[in-house]
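Structural characterization, general
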Amino acid sequence: MLTMTITDVEKVQTAFSEAGLDYDVELKNGRISIVGPSDIVSSEIGILFSRLLANWVYPRRLGRVFDSAGGFILPDSNLTAPDVSFVKAARLRQSPRYFGELVPDLVVEIKSQSDRIKPLVTKVINFITLGATVGILIDPDEETVTVYRPQGEPIILTNGDILTIPELFPGWELPISELWPPIFTEEELQS
């Protein structure tokens, strides 16, 4: 079986782009994976998390926040794009017009309707093993947020809990209930 490289990924991306197709491409252990669009609940959670995090990060010039289109070439030569990621300013003073060639400090994976939890857990743990400070797995079906760190057991947060990541964002707090897409009331629809 052929082992694919970053160059092969770039060729696939170019072919998709020229054909007007919008797919994300990842490279894992020499195999290319094509990732289609996710469901809109997962997408909305991603934008909510990104916005809430970026609103804290950018005014304080702490670093950079990326969405699921931001690819990273990891030390194990894999190319992957977390749903949301963050890199400290000291580690990435300027974003390249290419993939990031480092492990993000924070990685967030959001379970989509078609995802299975186990591969997502493996992906987050791999980021931690490669040097990420914090990994987060958001499961909209269970309304849980699981936080992984290099030391200790994962911490599972639910509605009523508050996510804090003091090692990266001192003072930042995110109530878990703010991650879930709102359900609009009849009164709101009348406004």
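These notes cover the structure that comes with them.

Definitions and cut-offs
Residues numbered from 1 in each chain as written. Predicted model: local features only at pLDDT ≥ 70, side-chain atom pairs only at ≥ 80, totals over all residues. Heavy atoms only, no water. Core = buried A, V, L, I, M, F, W, Y, C linked by side-chain atoms within 4.5 Å. Buried < 20%, exposed > 50% of the residue type's maximum accessible area, 1.4 Å probe, protein only. Helix = DSSP H or I, 4+ residues; strand = E, 2+ residues; numbered from the N terminus. Contact = heavy atoms within 4.5 Å. Phe/Tyr/Trp six-rings, centres within 6.5 Å; stacked < 30°, edge-to-face > 60°. Lys NZ or Arg CZ within 6 Å of the ring centre and 35° of its normal.

Focus: the nonpolar core
By size, the foremost hydrophobic cluster in this structure holds 28 residues, and its most contacted members are Phe49, Leu106, Ile136, Ile138, Leu163 and Phe169. When contributions to this core are tallied by element, the ones reaching two or more residues are helix H2 (40–60), strand S6 (84–88), strand S7 (106–110), strand S8 (134–139) and strand S9 (144–148). Counting residues per element, this core draws most heavily on H2, which supplies seven residues. When neighbours within four sequence positions are excluded, leucine 106 is seen to be in contact with Phe49, Leu53, Val84, Ser85, Phe86, Val134, Ile136, Ile165, Leu168 and Phe169. Grouped together as the second largest cluster of nonpolar side chains are 15 residues, Val107, Leu120, Val124 and Tyr148 included.

Focus on the side chain of threonine 80
With respect to the element layout, threonine 80 can be found in strand S5 (residues 79–80). Setting aside residues up to four positions removed in sequence, threonine 80 forms contacts with Glu26, Gly70, Gly71, Phe72, Leu74, Lys123 and Phe127.

Describing the packing of aromatic side chains
Inspection of every chain in the model, using the stated rule, returns five aromatic pairs. Geometrically, the ring pair formed by phenylalanine 49 and tryptophan 172 is edge-to-face, given 6.0 Å between the ring centres and 75° between the ring planes. Residue phenylalanine 49 is located in helix H2, and its partner tryptophan 172 is located in the loop between strand S11 (162–163) and strand S12 (174–175); the two are separated by 123 residues in the primary sequence. On the basis of relative accessible area, phenylalanine 49 is assigned to the buried category, the value being 0%. Here the aromatic residues Phe49, Phe86, Phe169 and Trp172 are joined through ring pairs into a cluster of three or more. Directly above the ring of tryptophan 56 sits arginine 60, whose terminal nitrogen or CZ lies 3.3 Å from the centroid.

Overview of unusual backbone geometry
The backbone phi angle of arginine 61 is positive, close to 55°, even though this residue is not glycine. Considering the arrangement of structural elements, one finds arginine 61 in the loop between H2 and strand S3 (63–66). Despite not being glycine, glutamate 143 shows a phi value in the positive range, around 50°. Note that glutamate 143 resides in the loop between S8 and S9. Residue glutamate 143 is classed as partly exposed on the basis of its relative accessible area of 32%.

All quantities given are derived from atomic positions and should not be read as evidence of function.
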